[in-house]
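Report on the structure
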Amino acid sequence: NELRASELKRLAKSDVPVIVMETPYRALKLAEDLRSHFGAWFCVVGLNLTREDELVLRGLGRELRDFGPANDPDDGLPTKTFEPIALLIPPGWRG
């Protein structure tokens, strides 16, 4: 969607941390977006927070692997639907 893409581009120009919440069906798209728009940003992605299968991924946006229902069952990530939330910290940010 064009509105979503333009908003991500706008957020990527920010000089303050950003929190992005996404619907489960767009989890794979969010992983792609973090790599393309927030590649140099430090990202903390929470998947299914507060649930038994909670998982937290950390790293630069360009280094994040896909996360979503299409994952290989042997890669340690959930293969079912889950809700991602991401904290995105711009390069050089000192809060």
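Scroll up to find the structure.
What comes next is a walk through the structure. All figures in this text were calculated on a predicted structure; none of them were measured in a lab.

Our focus in this paragraph is the packing of aromatic side chains. All chains considered together, the criterion is met by one aromatic pair. Seen in terms of ring centroids, Phe38 and Trp41 are 4.9 Å apart; in terms of plane orientation they differ by 85°. Their pairing is edge-to-face. Across the pair, exposure class does not vary: Phe38 and Trp41 are buried alike.

Once that is clear, we can look at the pairing of strand β2 (residues 42–47). Bridge analysis of β2 against strand β3 (residues 55–60) gives six bridges, and the strand direction is antiparallel. Each bridged residue has a counterpart across the sheet, and for Cys43 the counterpart in β3 is Gly59. In terms of strand pairing, β2 meets strand β4 (residues 84–89) through six bridges, oriented antiparallel. Within β4, the position partnered with Val45 by the bridge is Ala86.

A few words on a nonpolar patch on the surface. Taken together, Ile19, Met21 and Leu87 make up a surface patch of nonpolar side chains, about 330 Å² in accessible area. Along the chain, Met21 falls in strand β1 (residues 18–21).

With that out of the way, let us pick up the sheet that holds β1. Paired through their backbone hydrogen bonds, the strands of a sheet run either parallel or antiparallel. In space, the four strands of this open sheet follow the order β1-β4-β2-β3, with antiparallel pairing throughout. The sheet terminates laterally at β1 and β3, the two strands that pair on one side only. In this sheet, adjacent strand axes meet at a mean angle of 15° when their direction is disregarded. By the bridge criterion, four bridges tie β1 to β4 in an arrangement that is antiparallel. Looking at the pairing, Val18 lines up with Leu88 of β4.

Scanning the model with the defined rule gives five salt bridges in all. Its salt-bridge partner being Glu7, residue Arg10 comes within 2.4 Å of it at the nearest N-O pair. Of this pair, Arg10 and Glu7 both sit in helix α1 (residues 2–12), three residues apart, roughly one helical turn. Three or more residues joined by partner-sharing salt bridges are found here, namely Arg4, Glu22, Arg26, Lys29 and Asp33.

Here we come to the nonpolar core. If you look at the biggest cluster of nonpolar residues, it comprises 17 residues, and the most contacted ones within it are Val18, Leu34, Phe38, Trp41, Val45, Leu64 and Leu88. Other than its neighbours up to four places away in sequence, Leu88 contacts Pro17, Val18, Val20, Leu34, Phe38, Trp41, Phe42 and Cys43.

Rules behind the numbers
- Residues numbered from 1 in each chain as written.
- Predicted model: local features only at pLDDT ≥ 70, side-chain atom pairs only at ≥ 80, totals over all residues.
- Heavy atoms only, no water.
- Phe/Tyr/Trp six-rings, centres within 6.5 Å; stacked < 30°, edge-to-face > 60°.
- Buried < 20%, exposed > 50% of the residue type's maximum accessible area, 1.4 Å probe, protein only.
- Pairing = 2+ DSSP bridges.
- Helix = DSSP H or I, 4+ residues; strand = E, 2+ residues; numbered from the N terminus.
- Patch = residues over 30% accessible without salt bridge, like charges linked within 9 Å, V, L, I, M, F, W, Y side chains within 5 Å.
- Areas by Shrake-Rupley, 256 points an atom, 1.4 Å probe, with all protein chains shown as cover.
- Salt bridge = Lys/Arg side-chain N within 4 Å of Asp/Glu carboxyl O.
- Axes fitted to C-alpha atoms, helices over the stretch in contact; angles between N-to-C directions.
- Core = buried A, V, L, I, M, F, W, Y, C linked by side-chain atoms within 4.5 Å.
- Contact = heavy atoms within 4.5 Å.

By themselves, these figures tell us nothing about what the structure is for.
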